[in-house]
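Coordinates in review
One letter stands for each residue in the lines below.
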Amino acid sequence: MPVAGFGTRFLPATKAQPKEMLPVVDKPVIQYLVEQAVAAGIEEIIFVTGRGKRAIEDHFDYSFELEKTLVEKNKMDLVKKVQEIEKLAKFSYVRQPIPLGDGHAINCASHLIMPNEPVLIMFGDTLYDAQISPVKQLIDVYNEYGTSVVGLSEVDASEVNKFGVIDGDFLKNDVYKIKCFVEKPKQEEAPSNLAAVGIYIITPKVIETLGKMKSGKSGEIRLADAFDLLLEEGETIYGKKIEGEWLDTGNKFNFIKATLKFGLKNEEVKDKLQRLINDLAEKG
């Protein structure tokens, strides 16, 4: 999970805290992502962090003082919630010293990855409202085809210039064989409206390619550039249109939308929140 970005879209809220720690209802975004990964069978998680990201480490760590205080106040239900966080997975942390691109961030953790091991990559603002974990959906495709898989979502044609989109051939079950990636194309030049959402399964070949790259098209080392190089070499890469709703929490509107959607599923607040929404709708 590369989480070294500055989160400038959410300033000043992210001046002193990571954007990944901004709460959706009662959990930070990053915890939802970890839970989605764990639900799909992931047991080890590496965070690639940067300056100012210590709160992420603290969140998934054991907190003696907090647990002691909760026990003393007999708030055992909260003790259980806190303890569940640290037990979700085995966590490791690597620093990205200089922000040289998402591919560079991934490569910073390459020494912790086995040479023959496929890896799940999740960017810190890729939240999904889905019945089946988006991670499991990608893993199922990887298990069938045995090569890199890119998570995809349909976006409005007017929005394609904000994302990296694919050109590919439809196979079955919302799976595509990717021919190329086009980064932020003009609407009239976009080969499709299928955008990469920031969830990937990558093979050791991708890690090896990232390790050899000095820079990409943008001047940074990007995962998309590594995919392009591998496609040119004849490597096969698949895309999977993920079932569920993509809530790109990297922008303010979708962050608020995610808070409302998950709030309406929260037993503690859902009824009051629904009444508030109804009241606001009536007032126009």
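The next subject is the side chain of Gln137. On the secondary structure map, Gln137 appears in helix H6 (residues 134-145). Note on Gln137: relative accessible area 6%, which makes it buried. At a separation of 3.1 Å, a polar atom in the side chain of Gln137 contacts the main-chain carbonyl oxygen of Ile132. At 2.8 Å, the side chain of Gln137 and the backbone nitrogen of Glu243 are in polar contact. Residue contacts for Gln137: discarding those within four places in its chain leaves Ala130, Ile132, Lys240, Lys241, Ile242 and Glu243.

In a soluble, globular protein the nonpolar side chains are often hidden away together inside. In terms of nonpolar packing, the biggest core is built from 46 residues, with Met1, Ile30, Phe47, Phe60, Met122 and Ile199 touching the most fellow members. Contributing elements (two or more residues each) for this core: helix H1 (29-39), strand S3 (44-49), strand S5 (119-122), strand S6 (126-129), H6, strand S10 (194-202), strand S12 (245-248) and helix H9 (252-263). Considering every element that reaches this core, the biggest residue donor is H1, with six residues. What Ile30 contacts, discounting residues up to four positions off in sequence, is Met1, Val3, Glu20, Met21, Phe47 and Phe60. Ranked by size, the runner-up nonpolar core spans 26 residues in total, among them Ile106, Ala196, Leu210 and Leu223.

Time to look at the pattern of salt bridges. A full pass over the atoms with the stated rule returns 19 salt bridges. Measuring nitrogen to oxygen at the nearest pair gives 4.0 Å for the salt bridge that ties Glu57 to Arg54. Of the two residues, Glu57 and Arg54 both sit in helix H2 (residues 54-59), three residues apart, roughly one turn of that helix. Assessed through its relative accessible area of 24%, Glu57 is described here as partly exposed. Exposure remark for Arg54: the relative accessible area of 55% places this residue in the exposed category. Here Asp140 and Lys136 are joined by a salt bridge, their closest N and O atoms 2.9 Å apart. Here Lys136 and Asp140 lie together in helix H6, a separation of four residues that amounts to about one turn. Asp140 sits in the partly exposed class, given a relative accessible area of 38%. On the accessibility criterion, Lys136 (36% relative accessible area) is partly exposed.

Moving on, we come to the packing of aromatic side chains. Considering all chains together, one arrives at twelve aromatic pairs under this definition. Taken together, a centroid distance of 5.4 Å and an interplanar angle of 70° make the contact between Phe170 and Tyr176 edge-to-face. In this structure Phe170 comes out as partly exposed when scored by relative accessible area, which is 48%. Among the aromatic side chains, those forming a connected cluster through ring pairs are Phe47, Phe60, Phe91 and Tyr93. Of note, Lys265 hangs over the ring of Phe262, and the distance from its end group to the ring centre comes to 5.9 Å.

Below, the discussion takes up the packing of helix H7 (residues 204-212) against helix H8 (residues 223-232). When two helices pack together, their arrangement is captured by the angle between the axes and the distance separating the axes. Between H7 and H8, the least distance of the axes is 9 Å, while the angle of their chain directions is 110°. The orientation of H7 relative to H8 falls into the category roughly perpendicular. Residues Lys205, Val206, Thr209 and Leu210 of H7 touch H8, and the partners they reach there are Leu223, Ala226, Phe227, Leu229 and Leu230. Residues that form the contact of H7 with H8 fall into these classes: seven nonpolar, one polar and one charged.

Another point: H1. Of all eleven residues in H1, eight are buried; the element is thus mostly enclosed. Within the sequence span of H1, burial applies to Val29, Ile30, Gln31, Tyr32, Leu33, Val34, Gln36 and Ala37. Phi turns positive one or two residues past the end of H1, at Gly41, with a value near 105°.

Along the chain, Leu11 connects to Pro12 via a cis peptide bond; the corresponding omega equals 5°. Take Pro12: it is sitting in the segment before strand S1 (23-24). For Lys184, which is not a glycine, the phi torsion comes out positive at approximately 45°.

The next point concerns the environment of Tyr32. Its location among the elements puts Tyr32 in helix H1. Considering only alpha carbons, one finds Tyr32 and Gly124, 92 residues apart in sequence, at a separation of 9.8 Å. When neighbours within four sequence positions are excluded, Tyr32 is seen to be in contact with Val24, Val25, Asp26, Lys27, Leu127 and Phe262.

Turning next to the environment of Pro97. Position of Pro97 among the secondary structure elements: in the loop between strand S4 (90-95) and helix H5 (102-108). By relative accessible area, Pro97 is classed as exposed at 68%. In sequence terms Pro97 and Ala13 are 84 residues apart; their C-alpha atoms lie 23 Å from each other.

Calculation criteria
- Residues numbered from 1 in each chain as written.
- Predicted model: local features only at pLDDT ≥ 70, side-chain atom pairs only at ≥ 80, totals over all residues.
- Heavy atoms only, no water.
- Helix = DSSP H or I, 4+ residues; strand = E, 2+ residues; numbered from the N terminus.
- Buried < 20%, exposed > 50% of the residue type's maximum accessible area, 1.4 Å probe, protein only.
- Polar contact = N/O pair within 3.5 Å; in protein donor to acceptor, adjacent residues only side chain to side chain.
- Contact = heavy atoms within 4.5 Å.
- Core = buried A, V, L, I, M, F, W, Y, C linked by side-chain atoms within 4.5 Å.
- Salt bridge = Lys/Arg side-chain N within 4 Å of Asp/Glu carboxyl O.
- Phe/Tyr/Trp six-rings, centres within 6.5 Å; stacked < 30°, edge-to-face > 60°.
- Lys NZ or Arg CZ within 6 Å of the ring centre and 35° of its normal.
- Axes fitted to C-alpha atoms, helices over the stretch in contact; angles between N-to-C directions.
- Parallel < 35°, antiparallel > 145°, perpendicular 65-115°, else oblique.
- Nonpolar A, V, L, I, M, F, W, Y, C, P; charged D, E, K, R; others polar.

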